Amino acid sequence: MRLKNKLAIVTGAGSGFGAGIAKRFAEEGAAVIVADINAQSGERVAGEVGGRVVNADVTKSEDWARLVRAAGPDLDIVVNNAGWTHRNKPYLEVSEAEFDRVYAVNVKSIYLSALHALPVFRKRGRGCFVNIASTAGLRPRPGLTVYNSSKGAVILMSKSMAAEFGAERIRVNCVNPVFSPETSLSAEFAGGAVTEEAKKRFLATIPLGRFSTPLDVANACLYLASDEAEFISGVCIEVDGARCV
């Protein structure tokens, strides 16, 4: 049991990668707080993993305060998985409201997680953040410029946090998944319906010949959150079948 006696918050855990992470962590012994803006989805996953659910908007400081209070003084791990995107379209067609929403969910949420979780980690003398970014932050493509840049910010923020908080035994790492049809945002990335033709175009960019799955992403997060990675901080693991090579 690689996470036995550990307590984790997983955001965006009501579906997709987040649900996969919550389930994998629970299988390895972690107590999981399932955080999601959709209460019904969160409750479903919490029931499946035997965890607790907290209905939370990760862009709001007061919701992060509730999340960390729910975890209490034994919080070990925060997985910042919740994410958002604008639809695939030309850069100048992205509205200001869309820009603000993407950066609030993808970037501001990580700042807020640290604002509220770091005091707990400091009292414990250790802690672990795993931030979910994207291959889009490393190999950007046209049509998702605002989203791409937000994930680039997540990658650099993770590395800088690792450098700043390492002396306090607080680790910060990052996971970069490639496109997956199993996530709720896949149609937005594709700019419309995820047709078989669209899947073929995406798949042609992945040397290992398949898409990432929630289990692929969850296994990477599991390693980074476990004691096996106690000397690993400031890294980004691409879960992408060699797309970024």
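Notes on the structure follow.

This next bit is on the side chain of Asn 80. Mapping Asn 80 onto the fold places it in strand E4 (residues 77–80). A polar contact is formed between the side chain of Asn 80 and the side chain of Asn 131, at a distance of 2.9 Å.

Bringing the packing of aromatic side chains into the picture now. The relative placement of two aromatic rings is captured by the distance of their centres and the angle of their planes. Counted under the stated rule, the structure contains 4 aromatic pairs. Here the aromatic rings of Phe 179 and Phe 202 are separated by 4.0 Å at their centres, their planes lie at 10 degrees, and the arrangement is stacked. Linking Phe 179 in the loop between strand E6 (170–177) and helix H6 (186–190) with Phe 202 in helix H7 (residues 196–203), this pair joins segments that are 23 residues apart in sequence. Residue class for Phe 179 comes out buried when judged on its relative accessible area of 10%. Where Phe 179 meets Phe 211, the ring centres are 5.6 Å apart and the plane angle is 75 degrees; that geometry is what we call edge-to-face. Within this pair, whereas Phe 179 is found in the loop between E6 and H6, its partner Phe 211 is found in the loop between H7 and helix H8 (214–225), the two being separated by 32 residues in sequence. Assessed through its relative accessible area of 14%, Phe 211 is described here as buried. The structure contains a cluster of three or more aromatic residues connected by ring pairs, namely Phe 179, Phe 202 and Phe 211. Positioned over the ring face of Trp 84 is Arg 101, at 6.0 Å from the centre of the ring.

Here we come to the state of the cysteines. According to the stated counting rule, one finds 0 disulfides in the structure shown. Among the cysteines around Cys 174, which has no disulfide bond, Cys 236 carries the closest sulfur, lying 3.8 Å off. No disulfide involves Cys 221; its nearest neighbouring cysteine sulfur is the one of Cys 128, lying 9.3 Å away.

Taken in spatial order, the 7 strands line up as E3-E2-E1-E4-E5-E6-E7 in an open sheet, and their pairing is parallel. In this open sheet, the two strands that pair with only one neighbour each are strand E3 (52–55) and strand E7 (236–239). With strand direction ignored, the average angle separating the axes of adjacent strands in the sheet is 20 degrees. Where helix H1 (residues 16–27) meets the sheet, it contacts strand E1 (7–11), strand E2 (31–36), E4, strand E5 (127–132) and E6, and its direction lies at approximately 170 degrees from that of E1.

Looking now at H1. Here H1 spans 17 Å end to end across 12 residues, near enough to the 16 Å set by a 1.5 Å rise per residue. Summarising burial for H1: 9 of the 12 residues are buried, a large majority. Listed as buried for H1 are Gly 16, Phe 17, Gly 18, Ala 19, Gly 20, Ile 21, Ala 22, Arg 24 and Phe 25. Looking one or two places after H1, you find Gly 29, whose phi comes out positive at around 100 degrees.

With that settled, the discussion passes to the pairing of E5. By the criterion of burial, E5 is predominantly enclosed, with 6 of the 6 residues buried. Residues Gly 127, Phe 129 and Asn 131 of E5 are buried on one face, and the alternating residues Cys 128, Val 130 and Ile 132, pointing to the opposite face, are buried as well. As a crossover connection, the stretch from E4 through helix H4 (residues 96–124) into E5 is right-handed. As paired elements, E5 and E6 share 6 bridges and run parallel to each other. Residue pairing for E6: Ile 132 is matched across the bridge by Val 175. Following the chain from E5 across helix H5 (residues 145–165) to the adjacent parallel E6, one finds a crossover that is right-handed.

The next thing to look at is the packing of H1 against H8. Here H1 crosses H8 at 50 degrees, and the two axes come no closer than 8 Å. Here H1 is positioned oblique relative to H8, judged by the angle of their axes. Along this stretch, H1 crosses H8, giving a crossing that reads as right-handed. For the pair H1 and H8, the contacting residues are Gly 16, Phe 17, Gly 20, Ile 21, Arg 24 and Phe 25 in the first and Pro 214, Leu 215, Val 217, Ala 218, Asn 219, Cys 221, Leu 222 and Ala 225 in the second. A breakdown of the residues in the contact of H1 with H8 according to their chemical character gives 10 nonpolar, 3 polar and 1 charged.

What follows concerns unusual backbone geometry. In most cases, non-glycine residues show a negative phi, while peptide bonds are predominantly trans. A positive phi is found at Asn 5, a non-glycine position, where the angle reads about 70 degrees. Along the polypeptide, Asn 5 turns up in the segment before E1. The phi torsion at Ala 242 lies on the positive side, around 80 degrees, for a residue other than glycine. Relative to the helices and strands, Ala 242 is located in the segment after E7. Overall, Ala 242 belongs to the partly exposed group, its relative accessible area being 31%.

The rules behind these values
- Residues numbered from 1 in each chain as written.
- Predicted model: local features only at pLDDT ≥ 70, side-chain atom pairs only at ≥ 80, totals over all residues.
- Heavy atoms only, no water.
- Helix = DSSP H or I, 4+ residues; strand = E, 2+ residues; numbered from the N terminus.
- Polar contact = N/O pair within 3.5 Å; in protein donor to acceptor, adjacent residues only side chain to side chain.
- Phe/Tyr/Trp six-rings, centres within 6.5 Å; stacked < 30°, edge-to-face > 60°.
- Buried < 20%, exposed > 50% of the residue type's maximum accessible area, 1.4 Å probe, protein only.
- Lys NZ or Arg CZ within 6 Å of the ring centre and 35° of its normal.
- Disulfide = S-S within 2.5 Å.
- Pairing = 2+ DSSP bridges.
- Axes fitted to C-alpha atoms, helices over the stretch in contact; angles between N-to-C directions.
- Contact = heavy atoms within 4.5 Å.
- Expected span 1.5 Å × (residues − 1).
- Right-handed = clockwise from strand over helix to strand, strands pointing away.
- Parallel < 35°, antiparallel > 145°, perpendicular 65-115°, else oblique.
- Left-handed = near helix turned anticlockwise from the far one by under 90°.
- Nonpolar A, V, L, I, M, F, W, Y, C, P; charged D, E, K, R; others polar.

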